[in-house]
Protein chains: 2
Amino acid sequence: MVWALALASLALVSPARQAGVMRGGAAAPSFVNAAVARAPRDGAPRVHMASCAKLTEAAALLDSVDVFIFDCDGVIWKGDSLIEGVPAVLDMLRKAGKRIFFVTNNSTKSRKGYVGKFTSLGLSVEPEEIFSSSFAAAAYMEQIKFKASGKKVYVVGEVGIQEELDLIGVPHIGGPADAGAQIELKNGGMVHHDPDVGAVIVGFDRYINYYKIQYAQLCINENPGCLFVATNLDAVTHLTDAQEWAGNGAMVGAIKGCTKREPVLVGKPSPLMIDYIVDKYKIASRNRICMVGDRLDTDILFGRDNGLRTCLTLSGVTTEAKLLSQENQIAPDYYVGSIAEFAGAGVKA
Amino acid sequence: MVWALALASLALVSPARQAGVMRGGAAAPSFVNAAVARAPRDGAPRVHMASCAKLTEAAALLDSVDVFIFDCDGVIWKGDSLIEGVPAVLDMLRKAGKRIFFVTNNSTKSRKGYVGKFTSLGLSVEPEEIFSSSFAAAAYMEQIKFKASGKKVYVVGEVGIQEELDLIGVPHIGGPADAGAQIELKNGGMVHHDPDVGAVIVGFDRYINYYKIQYAQLCINENPGCLFVATNLDAVTHLTDAQEWAGNGAMVGAIKGCTKREPVLVGKPSPLMIDYIVDKYKIASRNRICMVGDRLDTDILFGRDNGLRTCLTLSGVTTEAKLLSQENQIAPDYYVGSIAEFAGAGVKA
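Residues numbered from 1 in each chain as written. Chains lettered and ligands numbered in written order. Predicted model: local features only at pLDDT ≥ 70, side-chain atom pairs only at ≥ 80, totals over all residues. Heavy atoms only, no water.

A.B. asks: Where do I start with the packing of helix H6 (residues 133–143) of chain A against helix H7 (residues 159–167) of chain A in this structure?
C.D. replies: Packed helices, taken two at a time, are described by the angle between their axes plus the distance between the axes. Residues and elements named next belong to chain A. Following both chains from N to C, one finds H6 and H7 inclined at 35°, their axes separated by 8 Å at the closest point. Handedness of the H6/H7 crossing: right-handed. Across the interface between the two elements, Ser 134, Phe 135, Ala 138 and Met 141 from H6 touch Gly 160, Ile 161, Glu 164 and Leu 165 from H7. Partitioning the contact of H6 with H7 into residue classes produces five nonpolar, two polar and one charged. (Axes fitted to C-alpha atoms, helices over the stretch in contact; angles between N-to-C directions. Helix = DSSP H or I, 4+ residues; strand = E, 2+ residues; numbered from the N terminus. Left-handed = near helix turned anticlockwise from the far one by under 90°. Contact = heavy atoms within 4.5 Å. Nonpolar A, V, L, I, M, F, W, Y, C, P; charged D, E, K, R; others polar.)

Shown next as structure tokens:
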């Protein structure tokens, strides 16, 4: 049944994706290893999956791609540690004339904040190359013309969302200011919420507390038409390189759990950010864009559902065993140990 | 389609429930108002729903019921305020020889803690009459013989769960002790979790914080076989009578969102507590038990799915408009403004 589902899902994806599957098969023998044959369950027909193979000749990938979109956590860095070989790869790609974007579901920093992080790690990037989910949340508010409503946003999250809202002139409350806020439970005690809140944006918040949850609940349940926007739904994230940390899936899950409402998702795997990039930079063929990430259920799904080539890097949360397991139904076109493996190709480019 | 779904769901419930539907119809004219006729959508056949009617003659209900199971928040009290007329009703039921239980999804107190709350409100109850979801969590741990594993429990929640675990001799960590716990995000920073945690129990926790979420995430994701138990999933709860407050749905949602695991539910509408009561007190006929509560999606569903009679009280979170709306697919057998309406019947009993 796992295979049936996997094949059924392939039939539903875009033509670009289907072309991608063919590229990974026997038609491009110099490009990838032989198609990966996996043992079927008893009684099931034998199926050879050609949709996922270790990248062996990076030069061929580079020749066929004009735009690389990199996830950050687990691809460029882990926590505050740069992944080995990354600066050389980025230099090589720029020299070869490739356009580079960094797309991250982390909402704790704004674009400007991310430039600071890249710089502190010795990498030089432009703010316009960075698409954080904090930026995506603001881009969504612009798209729906939220400012014209005259309402404000309640933020569960960190400074990144606030900085991006400031740049588009949308007023906001909450965020870090409510980090120490407490509730009072004497008779008649209540949290007084602002009836002019027209949207709650929920991003990763290491200072999540009951006051913020209650404030968000009141806005969503009691303010007519109040929106519920999630920057991302990642279960785990990289705060340090020592372990996995509970991600924004926790904060969004808390608000879902007390409102029974589903949020509008703006980060990966929602198409919002890729549509924005393709539109703004007039990228003609999605087939020449490669999404590079470390997560199957956000990065690779995000690329696949948007008709991009996809490359999984094992430098983050996904192991090779998990990628190749029968349970996994999300196959990238290629995978690498880390993006440092792109570097060899640079010499030939 | 709403009606089709409602009728389809009726066909799936127990014989006791189907008898209940018939009781509410023309066969028992002295018992309830006439069947409620609601306007169908355009083009849909006219359907007369007989499954929900305002209680008009309480004496008949009392004659046919031996056991009353009362929810607490919104039925007996709201926050710290007793609902008017409740003491007289409970006295009357006891004098009429009825068995009374109090079943609450609130996990913040143990049975012993609840006796204190009842006493402070001037009500006299025995600990054995109280079934809180904190007790249910401990009863579940006993049922699965968790103690024999030699493992401990990590508690997201308040003192009620801890007190109930103490009574069955199951070691636990977390809970109120982690209220002020913080994380350190220096390089290599991590939360050290105990590999001997074999279950995470999540109950309502007004001191929820990121440390607790991360600790629970690590136990569930990294300790092999670690259980995830939720006392309840209520979206909102009554902390004070001034407003609705985010409930344990928020805490459980947070842990679901960072683990992608579904919990074992022990509170309403899970059958665990009603099975325990029926078994322990050798109650022969579920048809002579009436579940009285203020929530459609926990109390009434809980009663209905377990073959009990059901009575909704409007003294809590559910309005008459919501109950009778076409969107509502959960119909109690009867409903009252508050359980004070039972009292008139006592004179006749």
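A.B. asks: What is the right way to look at the interface of chain A and chain B in this model?
C.D. replies: Quite often, the size of an interface is put as the accessible area lost when its parts meet. Contacts between chain A and chain B engage 41 residues on the former and 42 residues on the latter. In this assembly, chain A packs against chain B so that about 3300 Å² is buried in total across both faces, 58% of it on carbon and sulfur atoms. Of all residues in chain A, A:Leu185, A:Tyr210 and A:Trp245 give up the largest surface area on contact with chain B, accounting jointly for 19% of the area buried on that side. In this assembly, chain A and chain B are joined by two salt bridges. Among the salt bridges present, the one from A:Asp297 reaches B:Lys260, with a minimum N-O distance of 2.3 Å. One can count 16 residue pairs in polar contact (both at pLDDT 80 or more) joining chain A with chain B. Counting residues per element, the ones that place at least two in the side of chain A that touches chain B are helix H8 (210–222), strand E14 (245–246) and helix H9 (248–259) of chain A. If one sorts the elements of the side of chain A that touches chain B by residue count, H9(A) sits on top with seven residues. (Buried area = accessible area lost by both parts, 1.4 Å probe. Salt bridge = Lys/Arg side-chain N within 4 Å of Asp/Glu carboxyl O. Polar contact = N/O pair within 3.5 Å; in protein donor to acceptor, adjacent residues only side chain to side chain.)

A.B. asks: Could you clarify how one ought to interpret the packing of aromatic side chains in this entry?
C.D. replies: We describe a pair of aromatic rings using the distance from one ring centre to the other and the angle between the two ring planes. Applying the stated criterion across every chain yields a total of 30 aromatic pairs over all chains. With a centroid separation of 5.4 Å and an interplanar angle of 85°, the aromatic rings of A:Phe204 and B:Tyr210 are classed as edge-to-face. Of this pair, A:Phe204 sits in the loop between strand E11 (197–202) and H8 while B:Tyr210 sits in helix H8 (residues 210–222), each in a different chain. The buried category is assigned to A:Phe204, whose relative accessible area is 6%. Take B:Tyr210: its relative accessible area is 2%, and that puts it in the buried class. A centroid spacing of 4.3 Å and a plane angle of 15° characterise the contact between B:Tyr154 and B:Tyr215, whose relative ring orientation is stacked. With B:Tyr154 in strand E9 (residues 152–156) and B:Tyr215 in helix H8, this residue pair connects regions lying 61 residues apart in the sequence. The exposure classification of B:Tyr154 matches that of B:Tyr215, with both residues buried. One aromatic cluster is present, formed by A:Phe68, A:Phe70, A:Trp77, A:Phe102, A:Tyr114, A:Phe118 and A:Phe342 through successive ring pairs. Stacked on the ring of B:Tyr114, the Lys or Arg B:Lys109 has its end atom at 5.7 Å from the ring centre. (Phe/Tyr/Trp six-rings, centres within 6.5 Å; stacked < 30°, edge-to-face > 60°. Buried < 20%, exposed > 50% of the residue type's maximum accessible area, 1.4 Å probe, protein only. Lys NZ or Arg CZ within 6 Å of the ring centre and 35° of its normal.)

A.B. asks: Honestly, the pairing of strand E7 (residues 99–104) of chain B in this entry has me stumped. Any pointers?
C.D. replies: For a regular strand, side chains alternate in direction, first toward one face of the sheet and then toward the other. All names here are of chain B. The buried count for E7 comes to five of six residues, which makes it a mostly enclosed element. Both strand E4 (residues 67–70) and E7 contribute to a ladder of four bridges, which runs parallel. Looking at the pairing, Phe 70 lines up with Phe 102 of E7. (Pairing = 2+ DSSP bridges.)

A.B. asks: What is the right way to read the relation of the copies chain A and chain B from this model?
C.D. replies: Applying a rotation about an axis and a shift along it to one chain copy brings it onto the other copy. Rotating chain A by 180° and moving it 0.0 Å along the rotation axis overlays it on chain B with an RMSD of 0.0 Å. Both copies are brought into coincidence by an operation consistent with a two-fold rotation axis. Of the interface residues in chain A, 100% have counterparts in chain B that sit at the interface too, so the contact is made through matching surfaces. (Least-squares fit on C-alpha atoms with pLDDT ≥ 70 in both.)

A.B. asks: I'm lost on the UniProt feature "binding site: Mg(2+)" (unreviewed entry) in chain A in this one. Help?
C.D. replies: Residues and elements named next belong to chain A. Under the present numbering, the feature "binding site: Mg(2+)" (unreviewed entry) in UniProt falls on Asp 71, Asp 73 and Asp 294. Spatially, the listed residues are clustered: although they cover 224 residues, their C-alpha atoms lie within 8.1 Å of one another. Topologically, Asp 71 is positioned in the loop between strand E4 (67–70) and strand E5 (77–78). In contact with Asp 71, not counting residues within four places along its chain, are Ile 76, Val 103, Thr 104, Lys 268, Met 291, Val 292, Gly 293, Asp 294 and Asp 299. Side-chain polar atoms of Asp 71 contact the side chain of Lys 268, separated by 2.8 Å. When you line up the elements, Asp 294 lands in the loop between strand E16 (289–293) and helix H11 (296–305). Discounting residues that sit within four places of it in the chain, Asp 294 has contacts with Asp 71, Asp 73, Gly 74, Val 75, His 238, Asp 299, Leu 312, Thr 313, Gly 316, Val 317 and Thr 318. (UniProt positions renumbered as here; feature names shortened; annotations may be inferred.)

A.B. asks: Got a minute to help me understand the packing of H8(B) against helix H9 (residues 248–259) of chain B in this structure?
C.D. replies: Residues and elements named next belong to chain B. At a minimum axis distance of 10 Å, the contact between H8 and H9 shows a crossing angle of 50°. Judged by the inter-axis angle, H8 sits oblique to H9. H8 and H9 meet at a crossing whose hand is right-handed. The segment H8 lies against H9, with Ile 213, Ala 216, Gln 217, Ile 220 and Asn 221 engaging Ala 254, Ile 255, Cys 258 and Thr 259. A breakdown of the residues in the contact of H8 with H9 according to their chemical character gives six nonpolar, three polar and no charged. (Parallel < 35°, antiparallel > 145°, perpendicular 65-115°, else oblique.)

A.B. asks: Any chance you could explain the confidence of the model for chain A here in plain terms?
C.D. replies: Should pLDDT be low for a region, the predicted coordinates there are not to be read in detail. Averaged over every residue, the pLDDT of chain A is 84; residues scoring 70 or more account for 83%. The low-confidence segment residues 1–50 of chain A (pLDDT under 50) makes 71 contacts with residues lying over four places distant or belonging to another chain. (pLDDT = per-residue confidence, 0-100.)

A.B. asks: Help me understand the UniProt feature "active site" (unreviewed entry) in chain A in this model?
C.D. replies: Residues and elements named next belong to chain A. Taken from the UniProt record, the annotation "active site" (unreviewed entry) applies to Asp 71 and Asp 73. Owing to a relative accessible area of 4%, Asp 71 belongs among the buried residues under this scheme. If you trace the backbone, Asp 73 turns up in the loop between E4 and E5. Once residues lying within four places of it in the same chain are set aside, the contact partners of Asp 73 are Asn 106, Thr 237, His 238 and Asp 294.

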